[in-house]
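Results of the structural survey
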Amino acid sequence: MDNSYYFEYLNDEIKSDTQIRPILDFMQEYAIQNQRQIYIIDQPIGERKYTYSYKKAIILLIPKVKLLILNFEEENEEFEDFVEDFIYDLGIISDKYDYNEFLGRSRTWKGNLIEIENINESSTEKVEEVITSNELTGIQGRKAELLISLLTGSINDINRVEGDVPENNLEQIKKNIILFDSQQTRFIFQAPSQQRVTIQGLAGTGKTELLLHKLKDIYINEEDSKIFFTCFNKILSKELRNRIPDFFNFMKVREQIKWEERLWVERSWGSGADKNSGLYSFICHTYNIPFERYSYGTSFEGVCKRALERLESIEDFVPFFDYILIDESQDFNEFFFRLCEKVTKKQVYVAGDIFQSIFYSYGDQQSNLDFLLNRVYRTDPKTVMMAHIIGFGLLERPVIRWLEDIEWKACGYNIEKNNQEYTLSREPLKRFEDLPNSHSKSIKVGVLPEGVAPINGVIKAIEEIRDENPTVEADDIGIVFLENTNSNFELAERIAYEVSNKYNWNSVKGYETKNKEKGSLFISNRNNVKGLEFPFVICVTTQSLNKNTTLRNSLYMMLTRSFLTSYLILSSENGNLNAKLKSAANELNETGTITITKPSPDEVMDTSLLMLEANENKSQYEIVEEILKSLQIEDFNTKKQLHAMVDVMLNNSVDRDKIHNLIVNNLEFL
């Protein structure tokens with residue numbers, strides 16, 4: 001049963017009340033059948049200090065419906081006090097997050113946005129009637145949604161969302177009010193019983209954002225807790241560390257961040273010379289066990305396994321941390337998770353991308369999941385489907401990967417089968433349901449004729465975006481090229497020059513800065529787009545698509561960066577595949593579904609071949625990048641010099657051992 005539509009946060013006494021329980025069961029069924037988000041609470045869940053003694057009422061929250069306070073007893077003074085206190089507290093929370101600038105004080109909105117109903121019997125018909133009679137539209141509906149966001153901890157930037165919704169698609173998407181669904185809310189606010197809590201989702205389901213909210217919830221409610229927030233590489237950990245103070249400020253966290261005392265945010269490995277440079281280095285220093293430096297042939301899995309064995313031999317072992325939060329868990333191994341559990345008293349939260357987990361391994365990927373996020377809130381469902389079609393090679397033979405039914409459903413798909421014909425679809429999302437029909441084309445596929453320069457396709461896409469969206473700005477667009485070739489880096493330079501001349505736009509190159517800049521067009525290779533999002537993304541491929549799993553996975557990541565539309569520019573080298581992909585895009589845009597013939601077992605690539613092809617098809621640039629990443633070399637100029645050295649000394653070579661030795665032996669001279 002899909003429980004992403006229904007959430008309840010209630011006192012045990014209320015949940016077990018014989019009058020209230022049937023209504024709760026009915027509302028859960030109602031939410032799922034109508035695919036309608038419903039929250040039932042008895043207090044603001046994002047602000048735990050507000051509690052009430054009255055136990056015969058529930059608060060029913062449904063987007064675009066008045067806040068419904070349902071009383072299951074005759075009205076009395078205790079109930080009236082509860083209502084008055086609740087509205088007063090909600091007003092305080094509204095003021096805290098500056099919502100009052102748009103909503104006004106509680107006396108101005110309580111009559112229009114809150115309805116009180118007495119439910120003297122367990123009448124489901126009456127509850128449904130109350131919902132229907134209190135539907136809201138327009139600006140009142142938006143105000144009610146903002147109140148829901150306050151009560152559920154899904155805080156929006158009021159400066160972004162205030163006011164009426166414009167008719168323009170681009171501006172409407174920017175002003176949309178974001179509410180956590182039930183699974184997301186459950187992850188943040190409900191206390192788990194197990195030590196390891198695993199959450200997986202597709203790109204755009206908000207995994208990192210949820211970890212930040214979980215971090216904030218722990219930090220403000222458990223004053224003496226010690227927390228380590230980690231990920232695989234230094235770049236992402238630096239981004240997270242820089243992001244947390246801004247996030248805490250936005251969420252009005254009053255407690256000062258006590259770095260390296262209560263909160264650590266660093267990469268997983270670290271340096272032996274700096275205790276706080278990584279989780280593994282911290283563990284080694286804290287428990288006085290040997291630190292193993294990186295060396296060629298040393299795996300992080302082996303390092304974690306040996307560290308765990310050493311910790312197991314310590315008598316009267318005491319875990320140091322209360323919580324560890326892990327982002328991008330697909331980059332880690334099981335021994336790392338066990339090591340984290342060993343040094344943690346309470347919970348280890350593990351968040352990763354289910355698509356990448358399924359993509360690179362066979363078997364049951366869902367058996368140990370606690371939270372599965374398969375509703376993508378960033379990207380139009382049709383674009384997500386196209387990304388999977390390309391990522392899995394579903395229109396090709398052999399296909400790269402075919403999912404079992406349980407895996408399709410885990411990725412958020414609805415399946416209709418007619419013998420070997422599979423018709424796949426995804427549920428429409430709230431973020432897109434109010435957009436005009438003109439937004440039906442969320443994925444656009446174009447093919448560059450032989451001999452035509454890629455710059456022409458890129459400029460054509462930009463012109464179309466500008467024509468259809470008069471208010472578009474440079475930073476609304478991201479341009480990403482798939483192949484790490486010299487010609488594509490030259491293409492980036494040409495794009496920057498052209499947009500400066502034609503539109504007077506500034507641009508920023510992601511492989512140099514790693515970040516977006518306000519007012520600047522973003523141009524990058526595929527390696528620097530994770531975590532970024534744009535209303536429009538232009539994905540450029542200049543060579544034929546092969547079965548390289550790394551490239552296919554990267555293209556999936558690139559396509560799912562968009563809010564509104566993803567443009568895919570294909571090379572003519574793909575031959576007949578181009579026509580199939582264009583036809584699939586048209587079918588998705590017109591119907592929201594795709595029909596695919598299930599491949600026979602011998603039409604699915606063997607797992608070992610997948611890995612072999614992934615390694616064999618890596619370019620020299622990719623191999624150098626992987627080696628530099630493993631050596632923790634991230635300075636742009638240093639990387640540029642090393643790439644140039646390898647290109648000169650080992651021209652076109654893809655021998656990993658030779659490249660690694662050349663880099664290591666020459667590092668000291670740079």
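This one's a predicted model, so the numbers in the text were calculated from it and none came from an experiment.

Some points on the sheet that holds strand E5 (residues 114-118)
With mixed pairing, 5 strands are arranged side by side in an open sheet as E1-E2-E3-E4-E5. A single partner strand is all that each edge strand has here, and the edge strands are strand E1 (6-9) and E5. Across the sheet, the axes of successive neighbouring strands diverge by a mean angle of 20 degrees, strand direction being ignored.

A short note on the side chain of Ser154
As for its placement among the helices and strands, Ser154 is situated in the loop between helix H7 (138-152) and helix H8 (158-161). Engagement of the side chain of Ser154 in a polar contact is seen with the backbone oxygen of Ile178, the distance being 3.0 Å.

Observations regarding the domain arrangement of the chain
Each assigned domain of the chain is listed with its residue range as follows: domain 1 (6-164), domain 2 (186-373), domain 3 (381-603) and domain 4 (618-665). Each of domain 1 and domain 3 was reduced to a C-alpha centroid, and the two centroids are 40 Å apart.

Things to note about the nonpolar core
Counting 70 residues, the largest nonpolar core has Leu67, Phe82, Phe187, Phe229 and Ile244 as the members making the most contacts within it. For this core, the leading source of residues is helix H3 (residues 77-96), giving 7 residues. Of the residues that make up this core, three or more belong to each of domain 1 (6-164) and domain 2 (186-373). For Leu67, the residues in contact, after removing those within four places along its chain, are Leu60, Leu61, Leu90, Leu113, Ile114, Glu115, Ala144, Leu147, Ile148 and Leu151. Grouped together as the second largest cluster of nonpolar side chains are 50 residues, Ala203, Ile443, Val529 and Leu551 included.

Let's talk about the packing of helix H26 (residues 620-630) against helix H27 (residues 636-649)
Viewed as axis vectors pointing N to C, H26 and H27 meet at an angle of 135 degrees, and their least axial separation amounts to 11 Å. Taken as axis vectors, H26 and H27 run oblique relative to one another. The crossing of H26 and H27 is right-handed. On H27, the residues touching Gln620, Tyr621, Val624, Glu625 and Leu628 of H26 are Lys639, Leu642, His643, Val646 and Asp647. Here the contact of H26 with H27 is composed, by residue class, of 5 nonpolar, 2 polar and 3 charged.

Some details on the packing of aromatic side chains
Going through the model one piece at a time under the given rule, you end up with 40 aromatic pairs. Ring centres 5.6 Å apart and planes at 85 degrees place the aromatic pair Phe187 and Tyr349 in the edge-to-face group. Pair noted here: Phe187 is in helix H10 (residues 182-189) and Tyr349 is in strand E10 (residues 344-353), with a separation of 162 residues, a long-range link. Across this residue pair, the class does not change: Phe187 and Tyr349 are buried. Ring geometry for Trp408 and Tyr413: centres 5.2 Å apart, planes at 80 degrees, overall edge-to-face. Under the relative-accessibility criterion, Trp408 is labelled buried at 0%. Among the aromatic side chains, those forming a connected cluster through ring pairs are Phe232, Trp269, Tyr280, Phe291, Phe300, Phe332, Phe336 and Phe337. Lys226 extends its terminal NZ or CZ atom over the ring of Phe320, reaching a point 5.8 Å from the ring centre.

Describing the pairing of strand E13 (residues 421-425)
Each regular strand displays side chains that alternate between the two surfaces of the sheet. In terms of strand pairing, strand E12 (residues 414-418) meets E13 through 5 bridges, oriented antiparallel. Directly across from Ile415, in E13, lies its bridge partner Leu424. Here E12 folds back onto E13, and the loop between the two strands holds 2 residues, one of which, Asn419, carries a positive phi near 60 degrees. Where E13 meets strand E20 (residues 593-597), 5 bridges bridge the pair, whose relative direction is antiparallel. The residue bridging Glu421 from the neighbouring strand is Thr597, located in E20.

Reading guide: rules and limits
- Residues numbered from 1 in each chain as written.
- Predicted model: local features only at pLDDT ≥ 70, side-chain atom pairs only at ≥ 80, totals over all residues.
- Heavy atoms only, no water.
- Pairing = 2+ DSSP bridges.
- Helix = DSSP H or I, 4+ residues; strand = E, 2+ residues; numbered from the N terminus.
- Axes fitted to C-alpha atoms, helices over the stretch in contact; angles between N-to-C directions.
- Polar contact = N/O pair within 3.5 Å; in protein donor to acceptor, adjacent residues only side chain to side chain.
- Domains from an automatic or database assignment.
- Core = buried A, V, L, I, M, F, W, Y, C linked by side-chain atoms within 4.5 Å.
- Buried < 20%, exposed > 50% of the residue type's maximum accessible area, 1.4 Å probe, protein only.
- Contact = heavy atoms within 4.5 Å.
- Parallel < 35°, antiparallel > 145°, perpendicular 65-115°, else oblique.
- Left-handed = near helix turned anticlockwise from the far one by under 90°.
- Nonpolar A, V, L, I, M, F, W, Y, C, P; charged D, E, K, R; others polar.
- Phe/Tyr/Trp six-rings, centres within 6.5 Å; stacked < 30°, edge-to-face > 60°.
- Lys NZ or Arg CZ within 6 Å of the ring centre and 35° of its normal.

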